[in-house]
Amino acid sequence: MCGIVGYVGSKNAPTILVDGLSHLEYRGYDSAGIVFYENNKFNIIKTEGRISNLRDAIPFESPSKVGVGHTRWATHGVPNQVNSHPHKQGKITLVHNGIIENYTGLKKELGNYTFNSETDSEVACALIDKLYNELGNMEEVLEKVPSMLKGSYALGIVVDDEPNKIYAIRHKSPLIIGVGDNENFIASDVPAILNKTKRYILLDDFDVVILSDEIKIKRNGNFIEPIIKEFDWEVDQTSLNGFDHYMLKEIYEQPDVVRRTIESFDTNEFPEFTSYEKIEIVACGSAYHAGLIGLHLIENYTNIEVSIHVASEYRYKKHNFNRKTLVIIISQSGETADSLETVRIAKENNIDTLGIVNVYGSSIARDVKYLIYSKAGCEISVATTKAYLSQITIMGLIASKIAKLDKVDSEHLIKTIVSVIEKREIYDNIANSIYTKEHLFFIGRGIDYYLGLEGSLKLKEISYIHSEAYPAGELKHGTISLVTPGTPFIAIVTDESIAEKTISNIKEVKARGARVILLIREDLFEKGDYYDEVILIPRLDDIYQPLATVIPLQLIAYETAKKRNCDIDKPRNLAKSVTVE
Ligand code: AGP
């Protein structure tokens, strides 16, 4: 979703802003813009489409030392230049990430202003200008803003009267401060500033930030001494390092991610799982699919009752919490609005929360009672791979901890993962047979169905091929009517206890002309005429088997999207972190 970068220092601000924005491209956007101080005024440049358009439009040489930039992911109003940020009203120019829920009412109250765009953000801009005219002091204005704006916002603001400063405030939308040497930044996310500084400050909701050559933060009416932290992510995590796409690079990073995840799993930091009667897992998208693996493992290896929920549904459902419920929230970004709301609901009901989060210092990471950081590092590709793998590794580690199983043989696990990634040619051949199709099915039972859901999501989001994952036994209750000669099926068979049943279902679709790509654990494979192509998956401990099984699905999606010339790292309409409802 929208990305913000702000700069105050001694270097060329437009160039620094555009560079920062280019590192936020992964968040998803459709237009971009900057405001910078030059020739005694704040200048705005905005362009539709890619950052490269903005880069072409900014002055090559600029004496400007102050500015704010923005990538917009349209919510209110179509993606075009007028709706893109920054917006200016009176003396105020701002960029906004989030949604102002009461903007229609505010717009009526701000009848003296002329609005050029259809956005909620321009209304916030006019409101701040009005308050500034009344109060004459930005600090006071920003202290008043929370009582007037409803919804979520991270705002980066410049004021005509104060050309050397940036003001900022956040509520439910991410914003951090980067602390450099004689330069300071605001940013939505770590990658925007990682090649400039590793030192950062986390902001609480409603902190008033005044950024110049010094950093002032006002919290609850008082200036505070900020705590400066240091990222442990490396700069090269935000560059391609010779790979064609971040998604591919991140798939190749998975063996390391699994190693880090296992090594850093510190059991002392966790709640005593057995003291809970009920676990509710809540997440969105791939994180939800990782939760399904958790559900399967915890159910199978322990006696704790587990349920799983999509966060956008969970937040509006009736809850039957009891004191012995643990809510586990899984999120790569730690900023997904619906997942964050889950934490709030649980806390409001005095229910313990455990977050499995990838991004350091993110809102969910800061709000949960217990926290496990997944060790994926900075994930740039919109389609998650390594963060998902880290999440399912953690699910396996949690299940084995509760069930008191032996430690995993991580060397063998990692070697196996490497060997699966290396079979690129096989995945490329499969992609050749499906990339011209418009529909595809994934089938499996139990954990294999859950992996199918993730494979299907990967394929949909980056190749735009419509696909559905189905529990193999459920097909004949309706969906099998869609099978015609040549309909592609990816059938997953790794769970020995149910393999025969799945193979019967595969034979049913094969008999109706389906083209079957069989993904099967190598020791379960028997030659026959029930498949067209086969991928053999090396056997792992049941708990960690999904780690090897999902990789071919990731790579089939990748190779297929590549053959369809799709924008793999930035699929249409998608944002890396969904910070609005
Ligand atoms: C996965 O490839 C998606 N991009 C998406 O489903 C994602 O997993 C979902 O939006 C949840 O995000 P989070 O993990 O940052 O909360």
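Check the entry above for the structure.
Residues numbered from 1 in each chain as written. Predicted model: local features only at pLDDT ≥ 70, side-chain atom pairs only at ≥ 80, totals over all residues. Heavy atoms only, no water.

A. Main features of the packing of aromatic side chains. Taken as a whole, this structure holds nine aromatic pairs when the rule is applied. Look at Tyr200 and Phe231: their rings are 4.1 Å apart centre to centre, the planes differ by 0 degrees, and that puts the pair in the stacked class. Taken as a pair, Tyr200 in strand β11 (residues 199-202) and Phe231 in the loop between β15 (229-230) and α6 (246-252) lie far apart in primary sequence, 31 residues in all. A single burial state applies to Tyr200 and to Phe231, both of which are buried. (Phe/Tyr/Trp six-rings, centres within 6.5 Å; stacked < 30°, edge-to-face > 60°. Helix = DSSP H or I, 4+ residues; strand = E, 2+ residues; numbered from the N terminus. Buried < 20%, exposed > 50% of the residue type's maximum accessible area, 1.4 Å probe, protein only.)

B. A look at the pattern of salt bridges. Here the structure, examined in full by the defined rule, presents 36 salt bridges. Glu559 is the partner of Arg424 in a salt bridge, and the nearest nitrogen-oxygen pair spans 2.9 Å. One end of the pair, Arg424, is in helix α14 (residues 424-434); the other, Glu559, is in helix α17 (residues 545-563), with 135 residues separating them in the sequence. Judged by relative accessible area, Arg424 falls into the partly exposed class, the value being 22%. Here the salt bridges do not stand alone but share partners, grouping Glu496, Arg521, Asp523, Arg539 and Asp542 into one network. (Salt bridge = Lys/Arg side-chain N within 4 Å of Asp/Glu carboxyl O.)

C. Looking closely at the packing of helix α15 (residues 447-463) against α17. Where α15 contacts α17, the axes come no closer than 9 Å and their chain directions differ by 20 degrees. One way to sum up the angle between α15 and α17 is to call them roughly parallel. The handedness of the crossing between α15 and α17 comes out as right-handed. From α15, Ile447, Leu451, Glu454, Gly455, Lys458, Leu459, Ile462 and Ser463 reach across to α17, where they touch Pro546, Thr549, Val550, Leu553, Ala557, Tyr558, Thr560 and Ala561. Taken together, the residues of the contact of α15 with α17 sort by class into ten nonpolar, four polar and two charged. (Axes fitted to C-alpha atoms, helices over the stretch in contact; angles between N-to-C directions. Parallel < 35°, antiparallel > 145°, perpendicular 65-115°, else oblique. Left-handed = near helix turned anticlockwise from the far one by under 90°. Contact = heavy atoms within 4.5 Å. Nonpolar A, V, L, I, M, F, W, Y, C, P; charged D, E, K, R; others polar.)

D. The environment of Leu457, seen in detail. Turning to its location among the elements, Leu457 is positioned in helix α15. Separated by 383 residues in sequence, Leu457 and Ala74 have C-alpha atoms that sit 23 Å apart. Those residues in contact with Leu457, other than ones at most four positions away along the chain, are Gly285, Ser286 and His289.

E. The arrangement of the site of the ligand in detail. In the vicinity of the ligand lie 14 residues, with Ser331, Gln332, Ser333, Thr336 and Glu461 positioned nearest. Between the ligand and Ser331, the relevant distance is 2.6 Å, taken from an oxygen atom to a side-chain nitrogen or oxygen of the residue. Here the ligand, which alone exposes 410 Å², has 91% of that area covered by the protein. Elements with a contribution of two residues or more to the shell around the ligand: α8 (285-301) and α15. (Near = heavy atom within 4 Å. Polar contact = N/O pair within 3.5 Å; in protein donor to acceptor, adjacent residues only side chain to side chain. Areas by Shrake-Rupley, 256 points an atom, 1.4 Å probe, with all protein chains shown as cover.)

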